[in-house]
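# Chain and residue survey
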Amino acid sequence: MAAARTAVRGLSTDELSSIRDGLAAGRKPKVVFTAAAGQIEGQTGQVVELTDPDVSDEFVVVRFGRDELPFSPTDLAVAPRGAGRAAAPAKTTAAKATAAKAPPVAEPPPGPALLPPAAPVPAPREETKVTTSTVEESTEAPRPAKRAAKTARPKGPAGLTVTLAYADGEWTVAAAQGTKSLAKPYVIRPAEALKMVALVDVPGVHEAVEQIMSSERAEAESQAEKLRAELAEIEARLAELRDVG
């Protein structure tokens with residue numbers, strides 16, 4: 001306790017200079033926490049670093065247990081020789097001190113045994129008389145008429161589906177009745193496809209078919225021009241061979 005009371009004044013400038021020299025020499029000077037440090041008053045630690053005092057007032061980094069925390073010089077004092085490390089963390093010491101200072105809870109003096117509360121007396125029930133009368137029906141209630149049986153409709157033939165499709169430059173037609181296939185997809189000419197599409201009065205379908213036909217026409221013309229060029233080249237080659245012969 002004498003060491004703790006002496007440490008209230010904090011570290012002086014000379015002591016800080018001595019600690020700085022000790023750190024430079026590879027030592028870790030021991031310090032003791034003053035009353036300004038709070039619950040850890042009287043515990044000891046080791047100074048591991050001095051940071052810039054212009055940045056923060058807490059520039060003395062102390063290793064206490066497994067933690068390294070910054071403190072102000074007023075929180076510390078040079079530890080007397082032979083001072084040991086902290087025996088327990090601050091939270092445990094504070095908890096023990098609080099438990100020691102807490103006054104015991106006084107138990108209430110024993111008094112006479114309390115009698116169980118009297119059971120409430122139920123209020124008298126009011127009797128309600130219900131008079132029932134029996135009404136005899138002279139006639140029986142009419143029974144609901146039976147619903148007329150539904151007439152079974154004759155089952156018609158299965159639906160017929162005809163599909164006109166275009167894929168990979170070819171028009172195909174397929175037919176099916178219900179789940180039975182009547183005609184597998186077979187290729188038809190574009191002119192026949194146009195006749196079938198003309199029967200469908202849907203503008204969107206006509207526009208789609210026109211685009212397909214225009215694309216097919218352009219591709220056919222391109223192939224024809226290419227074949228004409230190849231044929232002209234072959235004709236010229238043949239003429240040269242005839243002149244040589």
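One can find the structure itself at the top, above this paragraph.
Notes on the structure in this doc start here. (Residues numbered from 1 in each chain as written. Predicted model: local features only at pLDDT ≥ 70, side-chain atom pairs only at ≥ 80, totals over all residues. Heavy atoms only, no water.)

### Observations regarding the overall build of the chain
On a plain count of helices and strands, the chain comes out with five helices and eight strands. Split into buried and exposed, the 245 residues of the chain put 18% on the buried side. Working note: accessible area of the chain is about 20,700 Å², and carbon and sulfur atoms make up 56% of it. (Helix = DSSP H or I, 4+ residues; strand = E, 2+ residues; numbered from the N terminus. Buried < 20%, exposed > 50% of the residue type's maximum accessible area, 1.4 Å probe, protein only. Areas by Shrake-Rupley, 256 points an atom, 1.4 Å probe, with all protein chains shown as cover.)

### Focus on the packing of helix α4 (residues 190-198) against helix α5 (residues 203-244)
Look at α4 against α5: their axes get within 10 Å of each other, and the N-to-C directions meet at 165°. On the basis of their axis angle, the class for α4 and α5 is roughly antiparallel. Once α4 is placed against α5, the crossing between them reads as left-handed. The residues of α5 that touch α4, namely those facing P190, L194, V197 and A198, are V205, H206, V209 and M213. A per-class count over the contact of α4 with α5 returns seven nonpolar, one polar and no charged. (Axes fitted to C-alpha atoms, helices over the stretch in contact; angles between N-to-C directions. Parallel < 35°, antiparallel > 145°, perpendicular 65-115°, else oblique. Left-handed = near helix turned anticlockwise from the far one by under 90°. Contact = heavy atoms within 4.5 Å. Nonpolar A, V, L, I, M, F, W, Y, C, P; charged D, E, K, R; others polar.)

### Describing the sheet that holds strand β6 (residues 160-167)
With respect to topology, three strands assemble into an open sheet ordered β6-β7-β8, the strand pairing being antiparallel. Where the open sheet ends on each side, the last strands, each with one partner, are β6 and β8 (180-188). Here the average twist between neighbouring strands, direction ignored, is 15°. In this structure, β6 lies alongside strand β7 (residues 170-177), joined through eight bridges in antiparallel fashion. Looking at the pairing, A165 lines up with T172 of β7. (Pairing = 2+ DSSP bridges.)

### Re unusual backbone geometry
If you check the backbone angles, D168 has positive phi at about 55° while not being a glycine. Within the secondary structure, D168 is located in the loop between β6 and β7. For D168, a relative accessible area of 80% translates into the label exposed.

### Examining a nonpolar patch on the surface
Together, L199, V200, V202 and V205 make up a nonpolar patch on the protein surface, roughly 330 Å² of accessible area in all. Summarising the element assignment, V202 is placed in the loop between α4 and α5. Under the relative-accessibility criterion, V202 is labelled partly exposed at 37%. (Patch = residues over 30% accessible without salt bridge, like charges linked within 9 Å, V, L, I, M, F, W, Y side chains within 5 Å. Salt bridge = Lys/Arg side-chain N within 4 Å of Asp/Glu carboxyl O.)

### Considerations on the pattern of salt bridges
Scanning the entire structure with this criterion turns up four salt bridges. With its nearest N and O atoms 3.0 Å apart, the salt bridge here joins R228 to E225. Separated by three residues within a single helix, R228 and E225 lie in helix α5, roughly one turn from each other. Note that R237 is salt-bridged to E240, the shortest N-O span being 3.6 Å. On the criterion of helical spacing, the pair formed by R237 and E240 is a turn pair, its members being three residues apart in helix α5.

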